[in-house]
Amino acid sequence: MNRKLNIALWIAQGLIAALFLFGAYPKLTGEPMVVAGFAAMGLGEGMVVFVGLCELAGAIGILIPVLTRWAASGLVALLIGAVVLGVSAGGPAAALFPGATLLVVAGVAWGRWSAPRGHQA
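From a predicted model like this one, the values you see are computed outputs, not experimental measurements. (Residues numbered from 1 in each chain as written. Predicted model: local features only at pLDDT ≥ 70, side-chain atom pairs only at ≥ 80, totals over all residues. Heavy atoms only, no water.)

**Regarding the side chain of Gln-13**
Reasoning step 1: Following the sequence through the fold, Gln-13 ends up in helix α1 (residues 3-28).
Reasoning step 2: Within the structure, the side chain of Gln-13 is placed 2.7 Å from the backbone oxygen of Ile-62, a separation counted as a polar contact.
Reasoning step 3: In this structure, Gln-13 is in contact with Ile-62, Leu-63, Thr-68, Val-108 and Arg-112, ignoring residues within four places of it in sequence. (Helix = DSSP H or I, 4+ residues; strand = E, 2+ residues; numbered from the N terminus. Polar contact = N/O pair within 3.5 Å; in protein donor to acceptor, adjacent residues only side chain to side chain. Contact = heavy atoms within 4.5 Å.)

**What to know about the nonpolar core**
Reasoning step 1: Ranked by internal contacts, the top residues of the largest apolar core, which has 16 residues, are Ile-16, Phe-20, Ile-62, Ala-72, Leu-75, Val-105 and Val-108.
Reasoning step 2: For this core, the secondary structure elements donating two or more residues are α1, α4 (65-90) and α5 (96-113).
Reasoning step 3: Not counting chain neighbours up to four residues away, the residues in contact with Ala-72 comprise Ile-62, Val-105, Val-108 and Ala-109.
Reasoning step 4: Val-34, Val-35, Phe-38 and Val-48 belong to the second largest nonpolar core, which has five residues in total. (Core = buried A, V, L, I, M, F, W, Y, C linked by side-chain atoms within 4.5 Å. Buried < 20%, exposed > 50% of the residue type's maximum accessible area, 1.4 Å probe, protein only.)

**Considering the pattern of salt bridges**
Reasoning step 1: Taken as a whole and assessed by the stated rule, the structure comprises one salt bridge.
Reasoning step 2: The salt bridge partner of Lys-27 is Glu-55, with a shortest N-O separation of 3.2 Å. Linking Lys-27 in helix α1 with Glu-55 in helix α3 (residues 45-61), this pair joins segments that are 28 residues apart in sequence.
Reasoning step 3: When its relative accessible area of 13% is taken as the criterion, Lys-27 is described as buried. (Salt bridge = Lys/Arg side-chain N within 4 Å of Asp/Glu carboxyl O.)

**Looking at α1**
Reasoning step 1: Here α1 contains 26 residues, and its C-alpha end-to-end distance of 37 Å stays within 8% of the 38 Å for a straight helix at 1.5 Å per residue.
Reasoning step 2: For α1, the full list of buried residues reads Asn-6, Leu-9, Ala-12, Gln-13, Ile-16, Ala-17, Phe-20, Gly-23, Ala-24 and Lys-27.
Reasoning step 3: Of the surrounding elements, those touching the buried residues of α1 are α2 (32-40), α3, α4 and α5.
Reasoning step 4: Of the residues flanking the start of α1, the one acting as N-cap is Asn-2, its side-chain oxygen 2.8 Å from the backbone nitrogen of Lys-4.
Reasoning step 5: Gly-30 occupies a position one or two residues after α1 and carries a positive phi of about 70°. (Expected span 1.5 Å × (residues − 1).)

**Brief notes about the packing of aromatic side chains**
Reasoning step 1: Here the structure, examined in full by the defined rule, presents one aromatic pair.
Reasoning step 2: Both rings, one in Trp-70 and one in Trp-113, keep their centres 4.9 Å apart while their planes meet at 85°; by these two values the pair is edge-to-face. Here Trp-113 lies in helix α5 and Trp-70 lies in helix α4, a separation of 43 residues in the sequence. (Phe/Tyr/Trp six-rings, centres within 6.5 Å; stacked < 30°, edge-to-face > 60°.)

**Here's the deal with a nonpolar patch on the surface**
Reasoning step 1: Together, Leu-21, Ile-60, Leu-63, Ile-64, Val-66 and Leu-67 make up a nonpolar patch on the protein surface, roughly 500 Å² of accessible area in all.
Reasoning step 2: With respect to the helices and strands, Ile-60 occurs in helix α3.
Reasoning step 3: We classify Ile-60 as partly exposed; its relative accessible area is 46%. (Patch = residues over 30% accessible without salt bridge, like charges linked within 9 Å, V, L, I, M, F, W, Y side chains within 5 Å. Areas by Shrake-Rupley, 256 points an atom, 1.4 Å probe, with all protein chains shown as cover.)

Okay, structure coming up:
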């Protein structure tokens, strides 16, 4: 793998990990505004915790080379759900941030999946 591409992917992975760690915290601590936001979309507290755990697992997994491909793929699936819910609940503007994040995470997933086995670190 090209050294510059590898460095760019690692930087993106670090930023993604930070983003999802910060996103998981209020969900896992039951922050009232977050719970209310999920409730407004018709989702209960169980879904808040589930999404928080998925974000936490993705944030950790994306930094572990053997798990990066799978974690990025899981975060892509989570973000597709966020985009769909954002559009249905708040319109296209509500899907801009998760959509942009989706593109970055998908880029990492693609970059790591296209790397030969053993050359993803």
